[in-house]
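Chain by chain, the residues:
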Amino acid sequence: MLSIPLVWSSHTNLDFYIPLYIHPFIAPLSLRVYQLLRRTFLNLADYNLTVSSDFVKLLNTNGIRKHVHVWRTGVDSESFNPRYRSHEVRLKMFNGHYSPDKILLVSVGRISPEKNFDFLLKILERVPQAFLCIVGGGPYKESLEPLFPADRTHF
């Protein structure tokens, strides 16, 4: 009405969450209602942004007719720069298992099922010199922690 473009950004795949967090009896109906509302509102937008090419495919498959584009998230390379590297922080991330020949993998974010931590577990299985530091909290942390080897993972 005001000739101002409407930009919509989608960050969370609720298609995945709804069956996980809503009672199985009502989850299929909830998912259909959510998908109808999402399709309606996103098709009203002038521009749709999302975080990955997989999410673009999901939205297109679910009837989003407007163009959906990946909005690349990034790291501020000025604030997070190798010149700020700290050996003390690195030791802390290894939680007493430091060795200069180990590869440090770091995951920072909410710990929940849709983040695909199983993939990180497979990396640890296939790359024996890798050590994983997981920074964050969330609903999946207590279930996830026992799955990872304690001598190669620090939460």
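Our subject is the structure listed above.
One structure accompanies this document, and this report is about it. All residue numbers refer to positions counted from 1 along the written sequence of the respective chain. Under the rules for a predicted model, residues below a pLDDT of 70 receive no local features and side-chain atom pairs below 80 are neither given nor counted, while totals for whole chains, interfaces and linings still include all residues. Note: side-chain values were computed over all heavy atoms of the structure, leaving out hydrogens and water.

Some details on the sheet that holds strand S6 (residues 153-154)
Turning to step 1, where the next piece is worked out: If DSSP finds at least two bridges between two strands, the strands pair. Numbering of helices and strands runs from the N terminus; a helix is a DSSP stretch of H or I covering at least four residues, while a strand is a stretch of E covering at least two. Read across the open sheet, the three strands follow the order S4-S5-S6; overall the sheet is parallel. Single-partner strands in this sheet number two, and they are strand S4 (103-108) and S6.
Turning to step 2, where the next piece is worked out: In the sheet, strand S5 (residues 130-135) pairs with S6 via two bridges, with the strands oriented parallel. When the bridges of S6 are listed, Leu132 appears paired with Thr153.
Turning to step 3, where the next piece is worked out: Running over the sheet, helix H5 (residues 117-126) touches S4, S5 and S6 and is turned about 155 degrees from S5. Contacts are assigned to residue pairs that have any heavy atoms within 4.5 Å of one another. Orientation is described by axes fitted as lines to C-alpha atoms, over the contacting stretch for helices, and by angles from 0 to 180 degrees between their N-to-C directions.

Considering the sheet that holds strand S2 (residues 47-50)
Turning to step 1, where the next piece is worked out: In space, the three strands of this open sheet follow the order S1-S2-S3, with parallel pairing throughout. Both edges of this open sheet fall to strand S1 (7-10) and strand S3 (68-70), since each of them pairs with a single strand only. Looking at each pair of strands side by side, their axes are set apart by 30 degrees on average, direction ignored.
Turning to step 2, where the next piece is worked out: Relative to S2, S1 runs parallel, the two being bridged by four bridges. Residue pairing for S2: Trp8 is matched across the bridge by Asn48.
Turning to step 3, where the next piece is worked out: Most of the contacts of helix H3 (residues 53-61) go to S3, to which it runs at about 170 degrees, and overall it touches S1, S2 and S3.

Details of a nonpolar patch on the surface
Turning to step 1, where the next piece is worked out: On the surface, a cluster of nonpolar side chains totalling about 870 Å² of accessible area is made up of Leu6, Trp8, Phe25, Ile26, Leu29, Val33, Leu37, Phe41 and Leu44.
Turning to step 2, where the next piece is worked out: In terms of residues, the nonpolar patch owes the most to one element, helix H2 (residues 27-44), which gives five residues.
Turning to step 3, where the next piece is worked out: Within the fold, Val33 resides in helix H2. Any residue with relative accessible area above 30% and no salt bridge may belong to a patch, with like charges joined within 9 Å and the nonpolar Val, Leu, Ile, Met, Phe, Trp and Tyr side chains within 5 Å. Using a 1.4 Å probe, accessible areas were evaluated by the Shrake-Rupley method; residue-level cover was limited to the displayed protein chains. Any carboxyl oxygen of Asp or Glu that lies within 4 Å of a side-chain nitrogen of Lys or Arg is treated as forming a salt bridge with it.

Side note on helix H1 (residues 14-21)
Turning to step 1, where the next piece is worked out: Taken residue by residue, H1 has Asp15, Tyr17 and Ile18 as its buried positions. End-on view of H1: buried residues confined to an arc of 160 degrees, all on one side of the axis.
Turning to step 2, where the next piece is worked out: Residues of H1 that are buried sit in contact with H2 and H3.
Turning to step 3, where the next piece is worked out: Distance and chemistry together define a polar contact, namely a pair of N or O atoms within 3.5 Å, with one atom able to donate a hydrogen and the other to accept it when in protein, and with adjacent residues in sequence counting only for side-chain atoms on both sides. N-cap assignment for H1: the residue whose side-chain oxygen lies 3.1 Å from the backbone N of Asp15 is Asn13. We call a residue buried when its accessible area falls under 20% of the maximum for its residue type, exposed when it is over 50%, and partly exposed in between, using a 1.4 Å probe and counting protein chains only. It is the directions from the helix axis to the C-beta atoms that the arc portrays.

As for the pattern of salt bridges
Turning to step 1, where the next piece is worked out: By the definition in use, this model includes two salt bridges.
Turning to step 2, where the next piece is worked out: For Asp15, the salt bridge is made with Arg38, and the minimal N-O distance between the two is 2.5 Å. Of this pair, Asp15 sits in helix H1 while Arg38 sits in helix H2, and the two are 23 residues apart along the sequence. Arg38 carries the same exposure label as Asp15, and that label is buried.

All we've got here are geometric facts, nothing functional implied.
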